Amino acid sequence: MNGLELIKKAFALQPVERVPWVPFVGVHGGFITGVDAETYLKSSEKIVAGVSKAIEDYQPDGIPVVFDLQVEAEILGCRLQWAPHNPPAVISHPLAEGVQLEDLRIPEITDGRIPVIVGATRQLREKYPEIALYGLITGPFTLALHLMGTDIFIKLFEAPDAVNKVLAFCTKVASKMAEYLIDAGCDVIAVVDPMTSQIDPLTFETFVTPFVSEIFDNIRKKEKLSSFFVCGHAQQNIEAMCDCRPDNVSIDENIPLDFVKEIALKKGISFGGNLKLTVVLLMGNEDDAREDALACLDLGGKTGFILAPGCDLPMETPPANIKAVTELVHDPYKQDVVRELEKRENSLEVFNMRDYGQADKVIVDIITLDSESCAPCQYMVEAVKKVAPQFEGVVEWREHAIKKMDAVTFMSSLMVKNIPTICIDGKIAFVSKIPPKGDLIAAIQKRINEKLKLKIRSKRSEILILCDDKNDCSEINDRIVRAITELGKDVEVKTISDKAQMAAFGVVKGPAVITVNYKLKSEGTTPSLDVVKEWIKEL
C-alpha cells in the first residue's frame, strides 16, 4: 500500500498496519538543500528540490508542498518582513490603515506567489504520484487578523457585522486558493488557522464555524480530503473544530494527544500530531526523537491517526532527528527496542525564580515559539510592543523564543506550559490569548502600583553598621550586601564609626547592627486616635 492509499485509509478511520507519517516540511526544505527561506519560498524549482530531498530522506506518506501562511495576505496588500530562517511575517494590516474591504479582490492564479506554489505542486504531482500532497491555505480567521490587525478581537464584540463581512471575504479567498491547489494536484487541503487558538468556544462557533465549514464542504464537493490545523493552546476548541466537518484535525504539543483522539474518533474524524518541535526535534537528539515518536504512535493507535510534527519544522531541525522518526515508523522491531529502553531522566536544570520581579522596573516576559515564524506569537509580541512605550522607563519587555535551550529553561522555571504566554514580573498573566490593549495595560499598571506601594513601604529602609573602626566592619558588611543581593531587596547600608553617633544609639562597643524600617501606615485618610495609638505601641 502506497502513502496516498495509507493516508486515505486513515482518514476514513479504517485500521492500518502502519501509522501514516507526514513530516510538515516547510522552509526546512531550503535548509536541507542549502538555500535561505526567502529564496526557497520564491522559487518553484527550489521548492521542488527541497520537497524531493525531504521525500528521499524522510520517506513520508504525505507532505505539504509549501508551509507559508502569508501568501494570501501578501497579495491582499499586507507588507511582509522576510527572514533567512523562517517564513515571512506580516507587518502591516491594510484594513486598519484606511484600505476598504470593497477595494480588495479575490486573488487570481497569476497573482503574487501563487504561480510559484501551483507550479511546484504540478511538478511534484507528476514526480510522486503515490504520495499524498498537502496544499495549505490560510484559514479565514487568521487571514482576517492579517488584514485587520489585533483590533479584530475588540471588533468581534463592538462591530461583529463588519468582522463577518471580512470573514466572508476571507472564506472566498480560501475556497479559491483550495481550488487552485486541487486543480494543480493536491490530495489534501489543510486549512491552517492558528489564530483561532486565541478565542473561546462560543466565539469560535460564531465567527469561525460557519466560514470554515463552507470551505470544507467545497473541498468535499471536489472529492478531495481536508484537514483543519490549529497550533497553540486550542484545547478548548477541539470539539468545535470537529463540528466544522473536516476529514482530519491536526494539533501541536500544547494539546494532549489522547484528549484529541477521544473527541475526534467520537465525532468520526481522523486526527494528527503531535511530535514536539523544539525540545525534541530541533534541540534534542535521535534518541529523544525516537522516544517522542513512539509515545505518539502508542497513544495515537492505528485507527484514524496521522503521525506529524506539531507545526512546520523549524528550518534548522537536524535531519538526523527526522530520519530517526522515519526509521521508527517503518520498523516495528525498532519500536519494540525503544519501548524496552528505560526512559532517561529529565536533566533540565531550572532557575530559582522565587524572588524574580524584585527589580525596580516591571519585567514583561513573552514566551514564544518564535515571533518570526508563529502567527499567535507574533501578534502577542506586537501587543506588548504597542503598549510598552506608554510605560517608558518603568517597563522592560523581553521575548524568549524556545527555539533556544536557555529560553526552554526559562519557560520551565516560570512553570509556563503553553505557548505563547505573557508573564509579568515572573507571574503568568495571559496564557495563549492575545490580550486586548486595555487588559494588558491594566495588568501592567496593577503590577506597577503594587511595586510602588512596596517601595513606599520600604522607603528609607536602612541597615546601620556601627563599629569602632570601619575596617572591622568589612566581614559583616559583605554578608549583609550578599543577603540583600540574593533577596533582591533595595536596602541602604550605612557604616557609622563616630563614637558620639554610636553612643546616641546606645551602642558602647562595635560591631553592632541596627535595622531601620519605615512603614506606610495610612494613605488618603486621617486615622483615628485609637489607630495612631496602635502604631505607637509598635515602636
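Everything numeric here is computed off the predicted structure, so don't read it as measured data.

Participant: Can you lay out the pattern of salt bridges for me, pointing to particular residues and giving the numbers?
Facilitator: Counted under the stated rule, the structure contains 23 salt bridges. In this structure, Glu74 and Arg113 form a salt bridge, with 2.9 Å as the shortest nitrogen-oxygen distance. Taken together, the residues Glu74 in helix H5 (residues 71–75) and Arg113 in the loop between strand S3 (89–90) and helix H6 (114–127) connect sequence positions 39 residues apart. Here Asp111 and Arg105 are joined by a salt bridge, their closest N and O atoms 3.1 Å apart. Of the residues examined, Arg105 reaches a relative accessible area of 49% and is grouped as partly exposed. Three or more residues joined by partner-sharing salt bridges are found here, namely Asp68, Glu74 and Arg113.

Participant: Can you lay out empty space enclosed by the protein for me, pointing to particular residues and giving the numbers?
Facilitator: Counted under the stated rule, the structure contains six cavities of 30 Å³ or more. Taken as a whole, the largest cavity holds about 280 Å³ of empty space. Every residue lining the largest cavity is counted, 29 residues in all, and those nearest its centre are Cys311, Asp312, Ser373, Cys374 and Ala375. The element best represented in the lining of the largest cavity is helix H18 (residues 375–387), accounting for three residues. Residues belonging to the lining of the largest cavity are distributed by class as follows: 19 nonpolar, six polar and four charged. Roughly 140 Å³ of internal volume is contained in the second largest cavity.

Participant: Describe the sheet that holds strand S15 (residues 492–496), with residues and values.
Facilitator: Taking strand neighbours across the sheet as the criterion, the three strands line up as S15-S14-S16 in an open arrangement whose pairing is mixed. On the outer flanks of this sheet lie S15 and strand S16 (512–516), each paired with one strand and no other. Shown here is a sheet whose adjacent strand axes are inclined to one another by a mean of 20°, direction ignored.

Participant: If you had to explain the nonpolar core to someone new, which residues and values would you point to?
Facilitator: Residues Tyr134, Phe228 and Leu307 are the most contacted members of the largest nonpolar core, which totals 161 residues. Broken down by element, this core gets its largest block of residues, 13 residues, from helix H9 (residues 160–184). Beyond its immediate chain neighbours, meaning those up to four positions away, Tyr134 contacts Ile7, Phe11, Val22, Gly62, Ile63, Pro64, Val65, Cys186, Val188, Ala190 and Ile306. Residues Leu464, Val507, Ala512 and Val516 belong to the second largest nonpolar core, which totals seven residues.

Participant: Break down the packing of H9 against helix H11 (residues 209–221) for me, with residues and values.
Facilitator: For the pair H9 and H11, the least separation of the axes is 9 Å and the interaxial angle reads 20°. Considering their axes alone, H9 and H11 lie roughly parallel with respect to each other. The chirality of how H9 crosses H11 is right-handed. For the pair H9 and H11, the contacting residues are Asn164, Leu167, Ala168, Thr171, Ala174, Ser175, Ala178 and Ile182 in the first and Phe211, Glu214, Ile215, Asn218 and Ile219 in the second. Of the residues contributing to the contact of H9 with H11, the split by class is eight nonpolar, four polar and one charged.

Participant: Give me the lowdown on the side chain of Thr138, citing residues and values where you can.
Facilitator: Within the element layout of this structure, Thr138 appears in strand S4 (residues 132–138). At 2.7 Å, the side chain of Thr138 forms a polar contact with the side chain of Glu72.

Participant: Account for the pairing of strand S13 (residues 427–431), naming residues and giving values.
Facilitator: By the bridge criterion, four bridges tie strand S12 (residues 421–424) to S13 in an arrangement that is antiparallel. Across the sheet, Ile422 pairs through a bridge with Phe430, a residue of S13.

Participant: Give a detailed account of the state of the cysteines, specifying residues and quantitative values.
Facilitator: Following the criterion strictly, the structure yields one disulfide and no others. What pairs with Cys467 in a disulfide is Cys473, and their sulfur atoms sit 1.7 Å apart. Accessibility expressed as a relative area gives 2% for Cys473, which makes it buried. Distance from the sulfur of Cys242, which forms no disulfide, to the nearest cysteine sulfur (Cys244) is 8.8 Å. Residue classification places Cys242 among the buried residues on the basis of a relative accessible area of 4%.

Participant: If you had to explain the packing of aromatic side chains to someone new, which residues and values would you point to?
Facilitator: Summed over the entire model, instances satisfying the criterion amount to eight aromatic pairs. With a centroid separation of 5.8 Å and an interplanar angle of 55°, the aromatic rings of Phe24 and Phe229 are classed as tilted. In this pair, Phe24 is assigned in the loop between helix H1 (3–11) and helix H2 (28–31) and Phe229 in strand S6 (residues 225–229), connecting sequence segments 205 residues apart. A residue is classified by how much of its surface remains accessible, and Phe24, at 7% relative accessible area, is buried. Residue class for Phe229 comes out buried when judged on its relative accessible area of 3%. Centre to centre, the rings of Tyr356 and Phe410 are 6.0 Å apart; their planes meet at 70°, and the pair counts as edge-to-face. A residue pair is termed long-range when its members are at least 10 positions apart, and Tyr356 in the loop between helix H17 (332–340) and strand S10 (362–368) and Phe410 in helix H19 (residues 405–413) qualify at 54 residues.

Participant: With reference to specific residues and values, describe the sheet that holds strand S11 (residues 395–401).
Facilitator: Sheet architecture is open: four strands sit in the order S11-S10-S12-S13, paired in mixed fashion. Of all the strands in the sheet, the pair left with one neighbour each is S11 and S13. On average, each strand axis in the sheet is tilted by 25° relative to the strand beside it, whichever way the strands run. The sheet strands contacting H18 are S10, S11, S12 and S13, and the helix crosses S10 at an angle near 165°.

Participant: Let's hear about unusual backbone geometry: which residues, and what values?
Facilitator: Note the cis peptide between Gly510 and Pro511, where omega equals 0°. Structurally, Pro511 is set in the loop between helix H22 (499–504) and S16. Of note, Gln59 is a non-glycine position whose phi angle comes to about 45°, a positive value. Structurally, the position occupied by Gln59 is in the loop between helix H4 (44–58) and strand S1 (62–64). On the basis of relative accessibility, which here comes to 42%, the residue Gln59 falls in the partly exposed class. At Glu223, a position not held by glycine, the phi torsion is positive, near 60°. Checked against the element boundaries, Glu223 lands in the loop between H11 and S6.

Parameters and conventions
- Residues numbered from 1 in each chain as written.
- Predicted model: local features only at pLDDT ≥ 70, side-chain atom pairs only at ≥ 80, totals over all residues.
- Heavy atoms only, no water.
- Salt bridge = Lys/Arg side-chain N within 4 Å of Asp/Glu carboxyl O.
- Helix = DSSP H or I, 4+ residues; strand = E, 2+ residues; numbered from the N terminus.
- Buried < 20%, exposed > 50% of the residue type's maximum accessible area, 1.4 Å probe, protein only.
- 1 Å grid on protein atoms, 1.4 Å probe; cavity = no way out; pocket = protein on both sides within 12 Å on 5 of 7 lines; lining within 4 Å.
- Points joined across faces, edges and corners; volume = space filled by probe spheres on them.
- Nonpolar A, V, L, I, M, F, W, Y, C, P; charged D, E, K, R; others polar.
- Pairing = 2+ DSSP bridges.
- Axes fitted to C-alpha atoms, helices over the stretch in contact; angles between N-to-C directions.
- Core = buried A, V, L, I, M, F, W, Y, C linked by side-chain atoms within 4.5 Å.
- Contact = heavy atoms within 4.5 Å.
- Parallel < 35°, antiparallel > 145°, perpendicular 65-115°, else oblique.
- Left-handed = near helix turned anticlockwise from the far one by under 90°.
- Polar contact = N/O pair within 3.5 Å; in protein donor to acceptor, adjacent residues only side chain to side chain.
- Disulfide = S-S within 2.5 Å.
- Phe/Tyr/Trp six-rings, centres within 6.5 Å; stacked < 30°, edge-to-face > 60°.

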